Amino acid sequence: MNDLKIAFIGGGNMAASLIGGLLQQGLNAQQITACDINLAQREALTSQFAIATYETAAEAVAQANIVVLAVKPQVLKPVCMAIKKDIPSTALIVSIAAGINIASLENWLGKRAIVRCMPNTPALLKQGVSGLYANTLTSNTEKAQAEQLLSAVGIALWLDNEAQIDAVTAVSGSGPAYFFLLAQAMSQAGVKLGLSAETAHKLANQTALGAARMLCESEVDSAELRRRVTSPNGTTEAAINTFLTGGFIELTEKALTAASDRSAELAQQLGD
Ligand SMILES: NC(=O)c1ccc[n+]([C@@H]2O[C@H](COP(=O)([O-])OP(=O)(O)OC[C@H]3O[C@@H](n4cnc5c(N)ncnc54)[C@H](OP(=O)(O)O)[C@@H]3O)[C@@H](O)[C@H]2O)c1
């Protein structure tokens, strides 16, 4: 990556996380440019990262080896149509826009190397996870570059087919919100059981952090971790049985199926 130039189209939250991650990985600021219509956003990127920013894409992408599409999905089509002529023909396109499929990107930018990615919000803390899918025109070297780019903000995983992006959206894209919901429900229950709101929040949130670290750092899987903290006839078993008899597993599957279906539906609506 050390001799590549990377241009970001859209310099919002996700782009800023990626830029910060790339600089931490050892890229220098001269390798990165960004274009954003928002002046405040451009100024923030320049002062935080000392990268060159532009109001229009033409200058940002002029020398680029990789062009990262990081605007909202709703504006991606006109953005692509406007920048198509300015992107060097050999540049790799990496799209992080939710719900925009490769066929649409090929329609808007022409047949060329394109990697579609689905990151998630913990990327803001460099703790994200992304699903990646490349079209057939993408070389192994370009795939490695896209993987390194997304690895700047967490873990990057390759998918076997593009339809799996909907499943990734359901599991990890939307996933942080499920954990937030559980944390909220746990702290509300804690208050009902007599704790102060502040104590209940801290207990729930720190438990989430500890459990997440155990999940990621342990050698054993989630089912085994749960078994180890569930003594027969104990307090955890009382709670877990209540979850299970209330249909927690089925409800989770139903919820993720709804998210996956919605992801496919949005792709239909936003693409062409
Ligand atoms: N945030 C996440 O957790 C997450 C997760 C997965 C995927 N994504 C995807 O990542 C992409 C970026 O998300 P984000 O959260 O970083 O959005 P964001 O913070 O809104 O950033 C987008 C930036 O692009 C600017 N912009 C709008 N139109 C533009 C144009 N024509 N040319 C150049 N810049 C333009 C926006 O300016 P204005 O604000 O003035 O419009 C904004 O500064 C989205 O496609 C989203 O689907 C995000």
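Here is what the cut-offs are and how they apply
- Residues numbered from 1 in each chain as written.
- Predicted model: local features only at pLDDT ≥ 70, side-chain atom pairs only at ≥ 80, totals over all residues.
- Heavy atoms only, no water.
- Helix = DSSP H or I, 4+ residues; strand = E, 2+ residues; numbered from the N terminus.
- Buried < 20%, exposed > 50% of the residue type's maximum accessible area, 1.4 Å probe, protein only.
- Contact = heavy atoms within 4.5 Å.
- Domains from an automatic or database assignment.
- Arc of directions from axis to C-beta.
- Polar contact = N/O pair within 3.5 Å; in protein donor to acceptor, adjacent residues only side chain to side chain.
- Core = buried A, V, L, I, M, F, W, Y, C linked by side-chain atoms within 4.5 Å.
- Pairing = 2+ DSSP bridges.
- Axes fitted to C-alpha atoms, helices over the stretch in contact; angles between N-to-C directions.

> Help me out: how do you make sense of the overall build of the protein chain in this one?
Within the protein chain, the regular secondary structure consists of 12 helices and 8 strands. Its C-alpha atoms put the protein chain at 65 × 35 × 30 Å along the principal axes. Burial status across the protein chain gives 40% buried among its 272 residues. When contacts within the protein chain are restricted to residue pairs at least 6 apart in sequence, those whose partners lie at least 24 apart make up 63%.

> It is not clear to me how the domain arrangement of the protein chain should be interpreted in this structure. Could you clarify?
Interfaces are often described in size by the accessible area the parts lose on coming together. When its domains are assigned, the protein chain resolves into domain 1 (6-164) and domain 2 (173-266). A straight line from the C-alpha centre of domain 1 to that of domain 2 covers 33 Å.

> In this structure, what is going on with helix H2 (residues 39-49)? I would like to understand it.
Since the α-helix packs 3.6 residues into each turn, any two residues three or four apart lie on the same face. Buried residues of H2: Arg42, Leu45 and Phe49, and no others. Along the long axis of H2, the arc covered by the buried residues comes to 70°, so they all point the same way. Summarising the geometry of H2, the exposed residues directed more than 90 degrees from the buried face are Ala40, Ser47 and Gln48. Buried residues in H2 make contact with helix H1 (13-24), strand E2 (32-35) and strand E3 (52-54). Capping the start of H2 is the job of one residue whose side-chain oxygen sits 3.0 Å from the backbone nitrogen of Ala40: Asn38. Positive backbone phi, at 60°, marks Ala50, one or two positions downstream of H2.

> When you look at the nonpolar core in this model, what are you seeing that I'm missing?
One recurring pattern in soluble globular proteins: nonpolar side chains tend to sit buried together. Ile6, Phe8, Leu22, Val94 and Leu149 are the most contacted members of the largest nonpolar core, which has 34 residues in total. Looking at this core, the element that brings in the most residues is H1, giving 5 residues. When residues no more than four places from it in sequence are discounted, the contact partners of Phe8 are Ala15, Leu18, Ile19, Leu22, Ile32, Thr33, Ala34, Cys35, Val68 and Leu149. Ala7, Ala60, Cys80 and Ile83 belong to the second largest nonpolar core, which has 24 residues in total.

> Quick question: what am I supposed to make of the environment of Gln127 here?
Within the secondary structure layout, Gln127 lies in the loop between strand E6 (114-118) and strand E7 (128-134). With 140 residues separating them in the primary sequence, Gln127 and Ala267 have C-alpha atoms 26 Å apart.

> Teacher, can you tell me more about the sheet that holds strand E8 (residues 154-158) here?
Sheets are built from strands that pair by backbone hydrogen bonding, the pairs being arranged parallel or antiparallel. If you trace the 8 strands from one edge of the open sheet to the other, you get E3-E2-E1-E4-E5-E6-E7-E8, paired in mixed fashion. In the strand order of this sheet, the two ends are held by E3 and E8, each with one partner. Neighbour-to-neighbour, the strand axes of the sheet open up by a mean angle of 20°, direction not taken into account. Where strand E1 (residues 6-9) meets strand E4 (residues 66-69), 4 bridges bridge the pair, whose relative direction is parallel. By the bridge assignment, Ile6 is partnered in E4 with Ile66. Of the strands in this sheet, E6 and E7 touch helix H7 (residues 164-173), which is tilted by about 35° from E6.

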